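# Working through the structure, step by step
Okay, here's what each chain looks like letter by letter:
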Amino acid sequence: MQERVARDGLESLAEHEALEYLLFLAIPRKDTNELAHRLIQHFGDFCKVMEAEPEELQRVEGIGPRSANLIHTVMAFNRYYALKKRKRRTALDAAERAAEYVKPLFLGKQNELLYLILLDDKCRPVRDMRIAEGVPNRVHVDARKLLRDVARTDATCGILAHNHPTGLALPSEADVIATAGVMKALEPLGVSIIDHIIVAGEETCSMRQRGCLPQCGGGMQILNAASR
């Protein structure tokens, strides 16, 4: 298999073979073929195995902490690589650029996460701030902590971004309410929300483009100024 990967690349392997190859790094003196099949049978496919948390992986017979941590770390490095490849000084004044910027934040994540991408007056990223994490369909924002953390930056506006791990890239009524709540919380700091990007796998949605971004603050004025 090592010769095959060297010759044809990982993409030449079937899903169970790719897992078998990876597991061999953690269990070098054992046939990992059966274990790879067991993982795929348990989780459904290769991607779900790679996205699983270490505790979930260890529920599969034969998977110990070392193997579970290896799988989890590979996925974490994949996300880290994608984040570092981003062009951080590119203005996020267009929904398409904002979507491409935020997608790596949710790579392989099963829980719902809410980020605030803080921007300067030219809509360039200042900081990616995770402001909430929850179960697959619910998050809670700590408004007091949010205000404290944002006040420590020089941001003048921001973009919200969250994922729908098990749903579609479409805003729900709860998403609109949560967006309005964050907007209202940031008003005393003069920080405007110019968009809210929803990510579901490779699909994304801009609440501003769909016309369902709550009207609050000077978001459109900032966008117009940044584009000039």
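The preceding data block contains the structure.
Below or above, wherever it landed, is the structure these notes cover. (Residues numbered from 1 in each chain as written. Predicted model: local features only at pLDDT ≥ 70, side-chain atom pairs only at ≥ 80, totals over all residues. Heavy atoms only, no water.)

This paragraph deals with the overall build of the protein. Helix and strand counts for the protein come out as ten helices and five strands. Based on the C-alpha atoms only, the size of the protein along its principal axes is roughly 60 × 35 × 30 Å. Per-residue burial over the protein gives 43% buried out of 228 residues. The contacts in the protein between residues at least 6 apart in sequence include a share of 60% that link residues at least 24 apart. Element-wise, carbon and sulfur atoms account for 50% of the exposed surface of the protein, whose accessible area totals about 12800 Å². (Helix = DSSP H or I, 4+ residues; strand = E, 2+ residues; numbered from the N terminus. Buried < 20%, exposed > 50% of the residue type's maximum accessible area, 1.4 Å probe, protein only. Contact = heavy atoms within 4.5 Å. Areas by Shrake-Rupley, 256 points an atom, 1.4 Å probe, with all protein chains shown as cover.)

Our next topic: the nonpolar core. Nonpolar side chains tend toward joint burial in soluble globular proteins. Core analysis: the largest hydrophobic core is formed by 21 residues, its most contacted members being Leu116, Ile131, Leu146, Val150, Leu160 and Leu186. Elements supplying a minimum of two residues to this core: strand S1 (113-119), strand S2 (125-133), helix H8 (143-151), helix H9 (173-186) and strand S4 (192-200). Setting aside anything within four residues of it in sequence, one finds Leu186 in contact with Leu116, Leu146, Leu147, Val150, Val191 and Ile193. (Core = buried A, V, L, I, M, F, W, Y, C linked by side-chain atoms within 4.5 Å.)

As a further point, take empty space enclosed by the protein. All told, the structure shown has one cavity of 30 Å³ or more when counted by the stated rule. Roughly 70 Å³ of internal volume is contained in the largest cavity. As for the largest cavity, its lining consists of Met50, Glu51, Ala52, Glu53, His72, Met75, Ala76, Arg79, Gly108, Lys109 and Gln110. Broken down by secondary-structure element, the contributors of at least two residues to the lining of the largest cavity are helix H4 (46-51) and helix H6 (65-84). Per element, the largest residue contribution to the lining of the largest cavity is four residues, and it comes from H6. (1 Å grid on protein atoms, 1.4 Å probe; cavity = no way out; pocket = protein on both sides within 12 Å on 5 of 7 lines; lining within 4 Å. Points joined across faces, edges and corners; volume = space filled by probe spheres on them.)

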